[in-house]
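Chain and residue survey
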Amino acid sequence: MRTLNRAFLAAGAAVCAFTPALASAQTADLSAPLAIEDVRHALTRTSFGASPSDLGAYVGQPRSVLVEGILDDITAADTQPRPAFTEEWPVPVELLFAKSETLGELAIGQQYINLGELSTWWMVEMMNSDSPFKEQVAMFWMDHFVTSFVNHEDSQMTAAKFQTVRDLMGGNFKDLLAAQLRDPSMLYYLNNIENTAEAPNENLGRELLELFTLGQGRGYTEADIRDVSRALTGATVDADNQYIFLSSDHDAGTKTIFGQSGTFTPDDLPQLIMSQDAFGPYIVEKLWKYLVSTQPDPAQVAEITAKWKASDWDLPTLYRGVLESQGFWDAANHGTLVKSPMELYIGFARTFGTAPPYVADFYDLSLDGGQEAFMP
């Protein structure tokens, strides 16, 4: 989190002293002064860890000041340039394999080296950034819209998906969702490159409703899955692994999705899904489980969802809703979530101001812990 200067902290305290908190039955008292355990809890959940200087900056300040500082991180610029391979020409792996199996294997090996470079880039960003909540949110969405490098072994494709998430996670959920339906790594991962009018494949259509938007068994039928999958036919990748929509492979017939009929294409799906009354709670629950506890509170989830919907699905409103909830600040939820290996190592480094002699050491530690970025 970016360090807030003392003048800003004092101003925040003054504002909170004279402005009643917009509270409800499910919203925390944001004017309450922060005890050290509150600061440690909030920063551990949103910033991987809490150094002594972080604790000292916020103890005694209103909760609202800390919440604003956390949310401010989403718009921060990266601290380092992207890995060089992301700006290079794509490696013609298939062409190299055609010339020589050895050349092809070397090209694939380079893709794994590039992936390691991307992973260590992210670890450096998480470790050194003054905006760690940005990295926590990126981790959340990369896990939510899950794909895996091993499905295509193209490091530039993985890097492009990662950058898309980073670019859109501070905007609107509709844009983030639409981008996933055009993401080559997603189309590979859930077999939509095989989804044609002649040979339908329901993997992406099913997961789009079950895992990415509505939640299993909520607000859709098997018939909806079938016709969502038909709408996704023709969404594939070209020879350069870039998104392409092939009308020749698309099922142009009438589909009925959520009771509405039309000749729907992939571009119609985000609006169709997000206009359903069932949309919202599942996403809120997932973020709750990531930042608050393993047991979402239905009343608080409903209130956060209502605020999020009223904002037309603005993502910072979603983040704010969770951070301002009673559940986030409830002492009963302190220390109740299990850290992933990456969170554990990055949190230790940020809390104690340590760093490995070589950045690659952190990458190896994460592998030893059973976690590798971009390869769930």
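This text goes with the structure placed above it.
Anyway, here's the lowdown on the structure attached to this text.

Here is what the cut-offs are and how they apply
- Residues numbered from 1 in each chain as written.
- Predicted model: local features only at pLDDT ≥ 70, side-chain atom pairs only at ≥ 80, totals over all residues.
- Heavy atoms only, no water.
- Buried < 20%, exposed > 50% of the residue type's maximum accessible area, 1.4 Å probe, protein only.
- Helix = DSSP H or I, 4+ residues; strand = E, 2+ residues; numbered from the N terminus.
- Polar contact = N/O pair within 3.5 Å; in protein donor to acceptor, adjacent residues only side chain to side chain.
- Salt bridge = Lys/Arg side-chain N within 4 Å of Asp/Glu carboxyl O.

Brief notes about helix α12 (residues 222-231)
At 3.6 residues per turn, the α-helix brings residues three or four places apart onto the same side. Counting buried residues along α12, seven of its 10 residues qualify, which places the element largely inside the surrounding structure. Within the span of α12, buried status applies to Asp 224, Ile 225, Asp 227, Val 228, Ser 229, Arg 230 and Ala 231. The backbone nitrogen of Ala 223 has a side-chain oxygen 3.3 Å away, supplied by the residue at the start of α12, namely Thr 221.

Some details on the pattern of salt bridges
Pairing is possible between side chains of opposite charge, provided their charged atoms come close. With the rule as written, the count across this model stands at 16 salt bridges. Across the pair Arg 82 and Glu 87 runs a salt bridge whose closest N-O atoms are separated by 2.8 Å. The class for Arg 82 is partly exposed, based on a relative accessible area of 34%. Where Asp 251 meets Arg 230, a salt bridge forms, and the shortest distance between an N and an O atom there is 2.7 Å. Of this pair, Asp 251 sits in the loop between β2 (243-245) and β3 (255-257) while Arg 230 sits in helix α12, and the two are 21 residues apart along the sequence. As far as the burial class goes, Asp 251 and Arg 230 line up, both buried. What you see here is one network of salt bridges that share partners, running through Asp 78, Lys 134, Glu 135 and Arg 166.

Overview of unusual backbone geometry
For Phe 258, which is not a glycine, the phi torsion comes out positive at approximately 55°. Among the structural elements, Phe 258 can be located in the loop between β3 and β4 (260-262). Of note, the phi angle at Trp 313 is positive, near 70°, even though the residue is not glycine. Along the polypeptide, Trp 313 turns up in the loop between α15 (298-310) and α16 (315-323).

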